[in-house]
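One-letter residues, chain by chain:
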Amino acid sequence: MTDHPLVPAAFTVPRTLIAEGFRLEPLGEQHNEADHVAWSASIGHIRATPGWEHGHWPPVEGMSPERNLADLRRHAADFEARRGFTYTVRETPGDAVVGCVYLYPDDERPGGARVSSWVRADRAVLDAAVYRAVRAWLAADWPLAEVRYAPR
């Protein structure tokens, strides 16, 4: 991961995306319990999601809520430093945490970004909708030269 901002200093980072059936908001420690429940019940599903097949997260053995909290704090620090942006996916209507979207520099393509997302297994129907909405949002509202995001 780079220590440089992903976006220019003058760019106002969007705090939300509202779409049919869900909304995005910056991931923070206040989401720890709901986030931990969402991914820990869907490990196999997430690891089979496009873009996650060859990664090491989520760990098949799971992790403690305390370790998850440390992860959320790291993502929030990246957001504040503009090094990367992680959003929780909240179901609407309602407020359930149903996934995450990660936007980080692409180490293989300077100036580009890599995006990944997951939704929990019992909300798998939202996966393609999140993908389409995030792709459109990034193209319309973000100053990114290139985006790499595994298609759905």
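Residues numbered from 1 in each chain as written. Predicted model: local features only at pLDDT ≥ 70, side-chain atom pairs only at ≥ 80, totals over all residues. Heavy atoms only, no water.

1. Describing the overall build of the protein
Piece 1. A tally of regular secondary structure across the protein gives four helices and six strands.
Piece 2. A compact globule built from 152 residues would reach a C-alpha radius of gyration of about 15 Å, and the protein, at 14 Å, matches this within 12%.
Piece 3. Each principal axis of the C-alpha distribution contributes one length, and for the protein these read about 40 × 30 × 30 Å.
Piece 4. For the protein, with 152 residues in total, the buried portion stands at 50%.
Piece 5. When contacts within the protein are restricted to residue pairs at least 6 apart in sequence, those whose partners lie at least 24 apart make up 62%. (Helix = DSSP H or I, 4+ residues; strand = E, 2+ residues; numbered from the N terminus. Rg over C-alpha atoms; globule rule 2.2 N^0.38 Å. Buried < 20%, exposed > 50% of the residue type's maximum accessible area, 1.4 Å probe, protein only. Contact = heavy atoms within 4.5 Å.)

2. Regarding the nonpolar core
Piece 1. Ranked by internal contacts, the top residues of the largest apolar core, which has 28 residues, are L24, F85, Y87, L103, V130, V134 and W142.
Piece 2. Broken down by secondary-structure element, the contributors of at least two residues to this core are β2 (22–26), β3 (85–91), β4 (97–105), β5 (112–119) and α4 (127–141).
Piece 3. Tallying contributions element by element places α4 first for this core, with seven residues.
Piece 4. Among all residues touching F85, those that are not within four sequence positions of it are L6, V7, V13, F79, V101, Y102, L103, Y104 and W142.
Piece 5. Core analysis: the next-biggest nonpolar cluster, separate from the first, contains 14 residues, A38, W39, W57 and V97 among them. (Core = buried A, V, L, I, M, F, W, Y, C linked by side-chain atoms within 4.5 Å.)

3. Overview of the sheet that holds β5
Piece 1. Read from one edge to the other, the open sheet built from six strands follows the order β1-β2-β3-β4-β5-β6, with strand pairing classed as mixed. The strands lining the two open edges of the sheet, one partner per strand, are β1 (17–19) and β6 (146–149). Ignoring strand direction, the axes of neighbouring strands in this sheet form an average angle of 20°.
Piece 2. By the bridge criterion, five bridges tie β2 to β3 in an arrangement that is antiparallel. When the sheet's bridge partners are listed, E25 is paired in β3 with T88. (Pairing = 2+ DSSP bridges. Axes fitted to C-alpha atoms, helices over the stretch in contact; angles between N-to-C directions.)

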